[in-house]
Amino acid sequence: MGEGPGRLIVSLYGLFTVAAGSRSIYQLVAQYDRAPLAYLLSAVAAVVYAFILVTLVRGGESARRIGIACCALELAGVLVVGTLTIVTPSLFHDQTVWSYYGADYLFIPLVLPITGILWLRRAGAATTAA
C-alpha cells in the first residue's frame, strides 16, 4: 500500500484488528453471559477488519474487490449497530466497537470503511490507467 494515506489506512486496520479482536476474545471468554450479542458483534468486527487488512496488504484486483465488499459490509455493520444502539439501547448490554457509530473510538469505525472504499477504488483506477 505504499506511502502516505495507504500506509495510514493499513495501520488503522491493523490496530483495529488487534484491538477489536483482543477485546472480544477476552469478553467472550471471561464475560460471555453478560452481553453475548455485543461481544459476538465485536468479534465479527475484528474478523472483518482482518479481511480488509489482508486485502490491502495483498493487493491485486481480486483482493481489491474483496476489500471493497468487506468495507461495504463494515460500513453497513457500523450503521446498523450504531442506529440500534441509539434506537434500542436495551438490545446491547455492553458496548461494541460499532456502538454509537464508533463513538468510543473517535468515530474511526464510521470513517474508516468509507476511506477504505475510496482508497481501493482509487487504487483500481490507477491500475486501470497504467
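Here the structure is a predicted model, which means the values were calculated and not measured.

## What about the packing of aromatic side chains?
For the coordinates displayed, the defined rule picks out three aromatic pairs. Each ring, one from Tyr 13 and one from Tyr 49, has its centre 5.9 Å from the other, and the planes form 55°; the classification is tilted. Note that Tyr 13 is positioned in helix α1 (residues 5–30) and Tyr 49 in helix α2 (residues 36–58), a separation of 36 residues in sequence. For the pair Tyr 13 and Tyr 49, one class covers both residues: buried. Ring centres of Phe 16 and Tyr 49 lie 5.6 Å apart, and the angle between their planes is 70°; on these two criteria the pair is classed as edge-to-face. Pair noted here: Phe 16 is in helix α1 and Tyr 49 is in helix α2, with a separation of 33 residues, a long-range link. Accessibility expressed as a relative area gives 5% for Phe 16, which makes it buried. The class of Tyr 49 is buried, set by a relative accessible area of 0%.

## Quick look at the UniProt feature "transmembrane region" (unreviewed entry) in the chain
In the numbering used here, UniProt assigns the "transmembrane region" (unreviewed entry) feature to residues 37–57, 69–92 and 98–120. For residues 69–92, helix accounts for 79% and strand for 0%, while the C-alpha atoms at its two ends are 26 Å apart. Along residues 98–120, the helical share is 57% and the strand share 0%, with 22 Å between the first and last C-alpha atoms.

## Regarding the nonpolar core
Counting residues in each nonpolar core, the largest one holds 26 residues, and the members touching the most others are Tyr 13, Tyr 49, Ile 52, Leu 56, Cys 71, Val 97 and Trp 98. Secondary-structure elements contributing two or more residues to this core are α1, α2, α3 (61–87) and α4 (108–129). Broken down by element, this core gets its largest block of residues, nine residues, from α2. Once residues lying within four places of it in the same chain are set aside, the contact partners of Trp 98 are Ala 45, Tyr 49, Glu 74, Gly 77, Val 78, Val 81, Gly 82 and Pro 109.

## Observations concerning the state of the cysteines
Summed over the entire model, instances satisfying the criterion amount to zero disulfides. Counting only cysteine sulfurs, Cys 71 is the nearest neighbor of Cys 70, a cysteine outside any disulfide, at a range of 7.3 Å. In this structure Cys 70 comes out as buried when scored by relative accessible area, which is 13%.

## Notes on unusual backbone geometry
Positive phi outside glycine occurs at Tyr 101, with the angle close to 60°. Judged by relative accessible area, which is 21%, Tyr 101 ranks as partly exposed. Phi at Phe 107 takes a positive value of approximately 65°, unusual for a residue other than glycine. Mapping Phe 107 onto the fold places it in the loop between α3 and α4.

## Here we look at the packing of α1 against α2
Put simply, α1 and α2 touch, their axes get as near as 8 Å, and they point 150° apart. The angle between α1 and α2 places the two elements in the roughly antiparallel class. The interaxial crossing formed by α1 with α2 has left-handed handedness. Only Tyr 39, Leu 40, Ser 42, Ala 43, Ala 46, Tyr 49, Ala 50, Ile 52, Leu 53, Leu 56 and Val 57 of α2 make contact with α1, whose side of the interface consists of Ile 9, Val 10, Tyr 13, Gly 14, Phe 16, Thr 17, Ala 20, Gly 21, Ser 24, Gln 27 and Leu 28.

Criteria and thresholds
Residues numbered from 1 in each chain as written. Predicted model: local features only at pLDDT ≥ 70, side-chain atom pairs only at ≥ 80, totals over all residues. Heavy atoms only, no water. Phe/Tyr/Trp six-rings, centres within 6.5 Å; stacked < 30°, edge-to-face > 60°. Helix = DSSP H or I, 4+ residues; strand = E, 2+ residues; numbered from the N terminus. Buried < 20%, exposed > 50% of the residue type's maximum accessible area, 1.4 Å probe, protein only. UniProt positions renumbered as here; feature names shortened; annotations may be inferred. Core = buried A, V, L, I, M, F, W, Y, C linked by side-chain atoms within 4.5 Å. Contact = heavy atoms within 4.5 Å. Disulfide = S-S within 2.5 Å. Axes fitted to C-alpha atoms, helices over the stretch in contact; angles between N-to-C directions. Parallel < 35°, antiparallel > 145°, perpendicular 65-115°, else oblique. Left-handed = near helix turned anticlockwise from the far one by under 90°.

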